[in-house]
Amino acid sequence: MIELTQISKTYRMGNIRVPALRDVSLKIGQGEFIIIRGASGSGKSTLLHVLGLLDKTDTGTFHFMGRDVNRLDDCELALLRSETVGFVFQQFHLLPRMSAIDNVALPLVYRRRADRVADPRQLLEQMGLGRRLNHRPNELSGGQQQRVAIARALVNRPSILMADEPTGNLDSASGREILTFFQKLNAEGITVVVVSHEADIEQYARRVIHIQDGYIRSDEMRATMVAAGGIAWDSGLKLSRADDLNVLGSRRQPPGRAEKFLKHLSQAGRSLSGNKMRTGLSALGIVIGVAAVMVMLALGASARSSVTRQFSALGSNRLVVRPDAQNIGGVRQQMGAVSRLTMKQVEQIRERVLQAKVVVPEVRGRGQIVWGSGNANTEVVGTTPGYIDIYAAQPAHGRFFTEEENRSRARVALLGLTVARSLFGKQNPVGEMVKINRVMFQVIGILPAKGATGPRDEDDLVVIPIQTAMRRLMGREYFDCISVSASDSESVGQVQESILKLTRGWPRLPGATGAGYRIDNLASIQAAFSAVARTLALLLASVATISLVVGGIGIMNIMLVSVAERTGEIGLRKAIGATHADIMAQFLIESAVLCMAGGVFGILLGAGATLVLSHLAGWKLGISIWSILLGCGSSAVIGICFGLWPARQAARLNPIDALRHE
Ligand code: ADP
Ligand code: MG
């Protein structure tokens with residue numbers, strides 16, 4: 001059944017080499033009862049770990065049920081451990097957070113074949129622990145813990161049972177009970193290998209192997225096996241008789257994927273809730289990260305839409321024609337010094353450029369406006385009624401001036417909101433007389449609020465008829481610019497093209513170089529601003545991403561700690577048949593659960609913050625489903641990626657190395 005040939009194993013501790021097994025050759029047959037005896041430090045445990053497939057050897061060959069162990073991969077080893085070996089550790093290695101019955105049932109999770117298994121409850125009842133099923137290991141005595149450990153070794157109905165110093169911690173009566181129980185198991189066909197340093201238990205075995213300093217010194221068969229006596233519990237296992245299906249232990253399907261998943265899930269829940277404070281703190285990074293993503297995305301979207309909104313208020317399909325500064329004889333001239341915009345050009349654009357919807361001349365200058373004892377310095381804009389269409393400037397109160405008033409140079413004015421407030425406070429200015437640069441004007445209306453574009457206050461202005469402005473106020477002959485709005489956004493380019501052609505025929509001073517006129521496309525400026533807003537949104541998103549990554553690192557940290565703390569547990573799980581993949585799945589589910597929980601709280605927090613912000617600051621912030629998905633998805637991905645690596649580290653260990661890790 002088991003055949004070791006010239007096995008040796010040496011531990012290395014830094015530079016010191018500790019040979020634990022030297023040239024050990026051993027055959028163990030089906031149904032034997034073997035006691036391996038030797039002094040402390042002679043290599044017994046090492047040998048038993050090798051026999052139990054928990055540790056690797058340095059040299060020699062090892063056949064286990066006809067298979068070359070050195071050639072088996074992780075999966076095949078796990079299967080063999082799960083199906084054939086029951087191991088009782090000297091330190092028991094029960095999982096402290098699980099009840100006795102859950103500890104016993106643990107190997108069932110990792111079964112992979114339909115096979116007969118024992119019922120954990122019945123097993124514990126037969127071992128006299130019927131009333132301790134739900135106690136945790138720390139609530140049990142040493143002897144009781146040992147019985148739980150034995151029950152766990154038996155639950156998968158192994159064909160070989162190995163026990164390391166099973167009587168070491170017990171009084172002699174309890175020790176005999178254990179041995180009697182082992183003898184019963186042996187009588188039912190299970191091969192039993194017991195390791196001990198006590199001389200007086202040799203008599204209970206059929207075969208005794210003495211080991212000293214890693215060498216096998218003697219290997220004797222005994223004619224008779226003395227019954228250990230004492231009350232042994234009823235094993236009731238009847239393991240040898242394959243047809244004995246209904247005697248304890250029934251044929252059971254191995255757990256399916258869903259069942260395994262649920263087991264892992266509840267395990268994750270237990271381990272996370274076992275340390276609530278730590279779980280909460282480690283998920284905090286993800287919570288904040290997800291919330292930040294939501295708020296930042298909302299802010300970015302709001303910035304973009306507000307830029308679009310403001311530009312549409314300023315006239316979205318707008319072109320501005322101005323005289324360009326030019327060089328005459330290498331000297332750069334002041335703007336407007338060389339080329340002139342007059343009503344003639346306005347008429348030309350109106351007639352020749354078909355897609356030009358509105359064509360409006362403008363002059364601009366500073367003016368001192370006085371009412372009563374108040375006065376303000378503001379921008380004076382002279383224009384025509386077409387201004388309403390280009391700037392969406394339908395007066396909020398009162399009316400705009402008419403073409404007739406413009407022609408007759410009427411002294412009427414519309415005030416921007418800022419000017420109206422600073423002069424009139426809460427009073428209604430419509431109908432009042434004000435002085436602009438010492439000329440009397442009647443206020444006929446208030447312009448609608450525009451807000452600010454950048455540092456510029458779009459409400460700090462006075463609008464008057466252009467003829468009045470040029471003849472009565474500023475004494476100018478030419479317009480500063482002509483604003484043209486195209487009928488739609490597609491024709492902006494075309495309009496620009498046609499006006500450019502027109503400007504070539506417009507007057508220029510002799511000797512001037514360059515085109516003489518410049519056409520600014522506000523649509524392209526708007527595009528530039530949108531790009532800025534997009535960049536801003538991107539910036540915000542990347543800040544949020546960084547906080548998510550930081551959150552992920554928090555998760556990784558805690559998973560590292562968790563794995564380090566539970567390396568022993570990982571070792572145990574591998575020892576009872578868990579594969580690499582099982583361990584990975586367990587930790588993956590755990591970190592995913594942690595991240596998901598963080599994600600859910602993050603979404604709640606983010607939604608709350610968004611609502612509060614839009615309430616307090618008056619911004620229109622929306623919660624988009626995308627930001628929720630992004631937050632959730634990225635937190636889960638980050639958590640899983642960062643959780644996987646530490647789990648991999650642990651799952652790669654030899655079970656026995658991992659167990660020793662504590
Ligand atoms: P026993 O179980 O007979 O007391 P062990 O098999 O545990 O003996 O140990 C055999 C020898 O190997 C001892 O000298 C012990 O100090 C050494 N040893 C055991 N485990 C390790 C280890 N993980 N690292 C280094 N040396 C070890
Ligand atoms: Mg030992």
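In this text the structure is predicted, and so the values were computed from the model without any measurement. (Residues numbered from 1 in each chain as written. Chains lettered and ligands numbered in written order. Predicted model: local features only at pLDDT ≥ 70, side-chain atom pairs only at ≥ 80, totals over all residues. Heavy atoms only, no water.)

## Observations regarding the confidence of the model for the protein chain
Heads up, the rule is: Per residue, pLDDT measures the predictor's confidence, with a range of 0 to 100. Each helix corresponds to a stretch of at least 4 residues labelled H or I by DSSP, and each strand to a stretch of at least 2 residues labelled E; elements are numbered beginning at the N terminus. By definition in these notes, contact holds between two residues if any of their heavy atoms fall within 4.5 Å.
A residue-level look at the protein chain finds 90% of positions with pLDDT of 70 or above and a mean pLDDT of 84. Strand 8 (residues 160-164) holds the highest mean pLDDT among the elements of the protein chain, 95, whereas strand 14 (residues 327-328) holds the lowest, 57. Contacts of residues 236-248 to residues separated by more than four positions or lying in other chains number 31 contacts, the stretch itself having pLDDT below 50.

## So, the domain arrangement of the protein chain
Many authors give the size of an interface as the accessible area that is lost as the parts come together. Applied cut-off: Where each domain begins and ends follows an automated or database-derived domain assignment.
Domain annotation of the protein chain identifies domain 1 (30-56 + 73-255), domain 2 (276-308 + 528-660) and domain 3 (340-507). Here the C-alpha centre of domain 3 lies 55 Å away from the C-alpha centre of domain 2.

## Thoughts on the site of ligand 1
Heads up, the condition is: We define proximity as follows: a residue is near a molecule or strand when any one of its heavy atoms falls within 4 Å of that partner. Two N or O atoms count as a polar contact when they lie within 3.5 Å, although within protein this holds only if one can serve as hydrogen donor and the other as acceptor, and sequence-adjacent residues are included solely when both atoms are side-chain atoms. Working definition of accessibility: Shrake-Rupley area with a 1.4 Å probe, residue cover restricted to the visible protein chains. Amino acids outside the nonpolar list (Ala, Val, Leu, Ile, Met, Phe, Trp, Tyr, Cys, Pro) and the charged list (Asp, Glu, Lys, Arg) are all regarded as polar, and Gly is one of them.
Taken together, 13 residues lie near ligand 1, and Gly41, Gly43, Lys44, Ser45 and Thr46 sit nearest. In this structure, Gly43 approaches ligand 1 through a main-chain N or O atom, which is 3.0 Å from an oxygen atom. Burial of ligand 1 by the protein chains amounts to 70% of its free accessible area of 550 Å². Contributing elements (two or more residues each) for the shell around ligand 1: strand 1 (2-13), strand 2 (16-28) and helix 1 (44-51). By residue number, the principal contributor to the shell around ligand 1 is helix 1, which donates three residues. Taken together, the residues of the shell around ligand 1 break down into five nonpolar, six polar and two charged.

## What to know about the pairing of strand 2
Inclusion rule: Being paired, for any two strands, means DSSP has found at least two bridges between them.
Bridge count between strand 1 and strand 2: nine bridges; the pairing is antiparallel. Among the inter-strand pairings, Met13 is bridged to a residue of strand 2, identified as Ile16. Hairpin connection from strand 1 to strand 2: two residues lie between these consecutive antiparallel strands, with Gly14 at a positive phi of about 65 degrees.

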